[in-house]
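# Architecture and fold: a report
These are the residues of each chain, in order.
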Amino acid sequence: LQILTNVRNPLPVAKFAANLATYGSNAVPAISSTALNVNPIAIMGGAASTVAANTDILSTAAITTMVMLAVQYCLQPPLTRKFLDSRANKKGVTMVEEIVKMGFASFFFISCGKDVVSSELHGWTLSSSLLLAGFPALLYATQGVLTYLGYQNTDSVTFNGLNQTKTLSAALWCFLLMGKTQSIVQMAALGILLFSAMLFQGSISLTGLFQKKVKGADSNVNGGTNVEKTQPHTSFSKGILPCLAAAFISGLAGALSQKGVQFAGGKGRSPYLYTIELSVYSSISLLISMFATKNGRKSLSEEGGIFKHWTPLTIIPIAVRAMGGVLTALVHKHAGATRKGFALILGLILTGVTQSVIEGEPLSANELMAMVLVILSSYLHLSYPPMAVVM
């Protein structure tokens, strides 16, 4: 919490926090002239983050935010199953999530200090905000619709496999929009990451590649859902195409977000301010959709409204997911949209390991091999960046 709120002289409650608090000093030599100078403010997007992060090198800020995002991704499924009623209004839940996310981002943004806030808001215009955050917010909303459509019209094995192409899409769009190239080894590492995710989820197996599991196959995307013997028919036009389009749009939205928080105005947008903007535009679009549709108006007029089937503990998974939205912007700032994929796969593995420990069931050979492949792909992607061009 001290790191998040940028306390100037945090108490040495942990060696980790103390190390982060002193990293911005000369005690740690700079690794390159363009590397981010990391301190508590820089980690969470404050004054020091006005210098664009060098995402070719994983800084302490990048590692910290990626691990935090992975933990959030791991905690989300069990918390959602335990505290969120499946009958709850989905748009209402999303609306409250955006409001909570706005609150988190505003708190951390203000905690960065008056000078930082003034500097970030100086020159802010509605037109620039719509360009930087409004368009990505629209893309994220479109992605959500396509993902839901694809989920309804594909079997879980196909859906899980196609869903993992988001990382490849992010790498493509980062290259097209920002010229961020991937070395041959890094491209191979992304391929290994995709394979490992599909292997861990059960989309493929070591004993029979792309052999669909019929009995007892688990998918850990949503915390472990069984693939039934009679699976839903997979439609190409209503299932596969929407899944691929959602992954394609996800990569574009992630790349635009990364460009906004790293390079907007020459110094990059504060991840907190950017998150606030995204939440505002998403909330507006949700409100419009709720009042514009018959089902939306009906849900508002019912007893309990959007809070029907809620309990006091329903806010827990919503708040955790909202914090994940803030962390996503921070990962885009310090690590980039492509490497966010590594954080999410790490979260997927943490989910599987946690579930295995709780239920007392050992991990399968496929899951263990997937963990090894994730470590290998991460090492290759970090160790073999593109060669610098010497002019």
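Everything quoted here is computed from the prediction, not taken from an experiment.

So, about the overall build of the protein. Along its length, the protein carries 16 helices and two strands. Looking at the protein as a whole, 48% of its 391 residues are labelled buried. A separation of at least 24 residues holds for 78% of the contacts in the protein among residues at least 6 apart in sequence. Put simply, the protein shows about 19,600 Å² of open surface, and 67% of that area lies on carbon and sulfur atoms.

Bringing the pattern of salt bridges into the picture now. Pairing is possible between side chains of opposite charge, provided their charged atoms come close. Scanning the entire structure with this criterion turns up four salt bridges. With a shortest N-O distance of 3.2 Å, Glu97 and Arg321 are connected by a salt bridge. Linking Glu97 in helix α5 (residues 90-111) with Arg321 in helix α14 (residues 315-334), this pair joins segments that are 224 residues apart in sequence. Note that Glu98 and Lys101 form a salt bridge whose closest N and O atoms lie 3.4 Å from each other. One end of the pair, Glu98, and the other, Lys101, are both in helix α5, three residues apart, so they sit about a helical turn from each other. The exposure class assigned to Lys101 is buried, which follows from its relative accessible area of 12%.

With that settled, consider the nonpolar core. Core analysis: the largest hydrophobic core is formed by 34 residues, its most contacted members being Met66, Phe109 and Tyr272. Elements represented by at least two residues in this core include exactly α4 (60-83), α5, α6 (114-121), α10 (184-201), α12 (271-292), α14, α15 (337-359) and α16 (365-383). A per-element tally of this core places α10 first, with seven residues. Core analysis: the next-biggest nonpolar cluster, separate from the first, contains 12 residues, Ala170, Cys174, Ile249 and Leu252 among them.

Moving on, we come to unusual backbone geometry. The residue His309 is not glycine, and still its phi comes out positive at about 75 degrees. One can find His309 in the loop between α13 (294-301) and α14.

Attention shifts here to the side chain of Arg269. Mapped onto the elements, Arg269 comes out in the loop between α11 (236-263) and α12. Side chain to side chain, Arg269 and Glu277 meet in a polar contact 2.8 Å long. Here Arg269 is in contact with Glu120, Trp124, Ser128, Ser129, Leu132, Gly260, Val261, Ala264, Tyr274, Glu277 and Lys333, once residues within four sequence places are set aside.

What follows deals with α6. Within α6, the full set of buried residues consists of Val116, Val117 and Glu120. Summarising the axial view, the buried residues of α6 lie within an arc of 100 degrees, below the 170-degree limit, and thus occupy one face. Seen from the open side of α6, the exposed residues pointing more than 90 degrees away from its buried face are Lys114 and Asp115. For α6, the secondary structure elements touched by its buried residues are α5 and α12. Positioned one or two residues after α6, Gly123 has a phi angle of 85 degrees, which is positive.

Let us look at the environment of Gln201. With respect to the secondary-structure elements, Gln201 resides in helix α10. Linking Gln201 and Leu348, residues 147 residues apart in sequence, is a C-alpha distance of 8.7 Å.

The geometry of helix α9 (residues 166-178) relative to α11 is characterised by a closest axis approach of 7 Å and an angle of 50 degrees between their N-to-C directions. The angle between the axes of α9 and α11 places the two elements in the oblique class. In the crossing of α9 with α11, the sense of the turn from one axis to the other is right-handed. Together, Lys166, Ser169, Ala170, Leu172, Trp173, Cys174, Leu177 and Met178 of α9 and Ala247, Phe248, Ser250, Gly251, Leu252, Ala255, Leu256, Gln258, Lys259 and Phe263 of α11 make up the contact between the two elements.

This brings us to the confidence of the model for the protein. Residues shown with low pLDDT carry predicted positions that ought not to be read at fine detail. Of the residues in the protein, 76% reach a pLDDT of 70 or more, and the chain-wide mean stands at 76. Note that residues 1-55 has pLDDT below 50 and, in this model, 94 contacts with residues that lie over four places away or in other chains. Of the regions scoring below 50 in pLDDT, residues 210-231 engages in 47 contacts with residues more than four places distant in sequence or in other chains.

Two elements in contact, α4 and α15, have axes whose closest approach is 7 Å; the angle formed by their N-to-C orientations is 45 degrees. On the basis of the axis angle, α4 is oblique to α15. Once α4 is placed against α15, the crossing between them reads as right-handed. Residue-level contacts link Met66, Leu69, Ala70, Val71, Tyr73 and Cys74 of α4 to Arg339, Lys340, Phe342, Ala343, Leu344, Leu346, Gly347, Leu348, Leu350, Thr351 and Thr354 of α15. For the contact of α4 with α15, a count of residues per class yields 12 nonpolar, three polar and two charged.

Quick look at a nonpolar patch on the surface now. A contiguous nonpolar patch, built from Ile63, Val67, Val71, Leu75, Leu346 and Leu350 and spanning about 430 Å² of accessible area, is present on the exposed surface. Counting residues per element, the ones that place at least two in the nonpolar patch are α4 and α15. It is α4 that contributes the most residues to the nonpolar patch, four residues altogether. When its relative accessible area of 34% is taken as the criterion, Leu346 is described as partly exposed.

What counts and how
The residue numbers shown here count from 1 along each chain, following its written sequence. Where local features are concerned, this predicted model is filtered to residues with pLDDT of at least 70; where side-chain atom pairs are given and counted, the filter is 80 or more; whole-chain, interface and lining totals use all residues. In computing side-chain values, all of the structure's heavy atoms are included and hydrogens and water are not. Helix and strand assignments come from DSSP, with helices taken as H or I runs of at least 4 residues and strands as E runs of at least 2, each series counted from the N terminus. Three labels apply to residues, based on accessible area from a 1.4 Å probe with only protein chains included: buried if under 20% of the type maximum, exposed if over 50%, partly exposed otherwise in between. Residues are treated as being in contact if the distance between any of their heavy atoms lies within 4.5 Å. Shrake-Rupley sampling with a 1.4 Å probe provides the accessible areas, and residues are treated as covered by the protein chains on show and by no other component. Take a side-chain nitrogen of Lys or Arg and a carboxyl oxygen of Asp or Glu: if they are within 4 Å of each other, that pair is a salt bridge. Joining through side-chain atoms within 4.5 Å is the link that ties buried Ala, Val, Leu, Ile, Met, Phe, Trp, Tyr and Cys residues into a set, and such a set is a nonpolar core. Whenever two N or O atoms come within 3.5 Å, that pair is a polar contact, provided that in protein one can donate a hydrogen and the other can accept it, and provided that, for residues adjacent in sequence, both atoms are side-chain atoms. Each C-beta atom gives one direction from the helix axis, and the arc is the one those directions make. All axes are obtained by fitting lines to C-alpha atoms, using only the stretch in contact for helices, and the reported angles, taken between N-to-C directions, cover 0 to 180 degrees. Throughout, the term roughly parallel applies to angles under 35 degrees, roughly antiparallel to angles over 145, roughly perpendicular to angles from 65 to 115, and oblique to all others. Helix crossings get a hand from a simple test, with the near helix turned counterclockwise from the far one by less than a right angle marking a left-handed crossing and a clockwise turn marking a right-handed one. By definition, pLDDT measures how confident the predictor is in each residue, and it falls between 0 and 100. Asp, Glu, Lys and Arg are counted as charged, while Ala, Val, Leu, Ile, Met, Phe, Trp, Tyr, Cys and Pro are counted as nonpolar; the rest, among them Gly, fall into the polar class. Nonpolar side chains (Val, Leu, Ile, Met, Phe, Trp, Tyr) within 5 Å and like charges within 9 Å form the patches, drawn only from residues with over 30% relative accessible area and no salt bridge.

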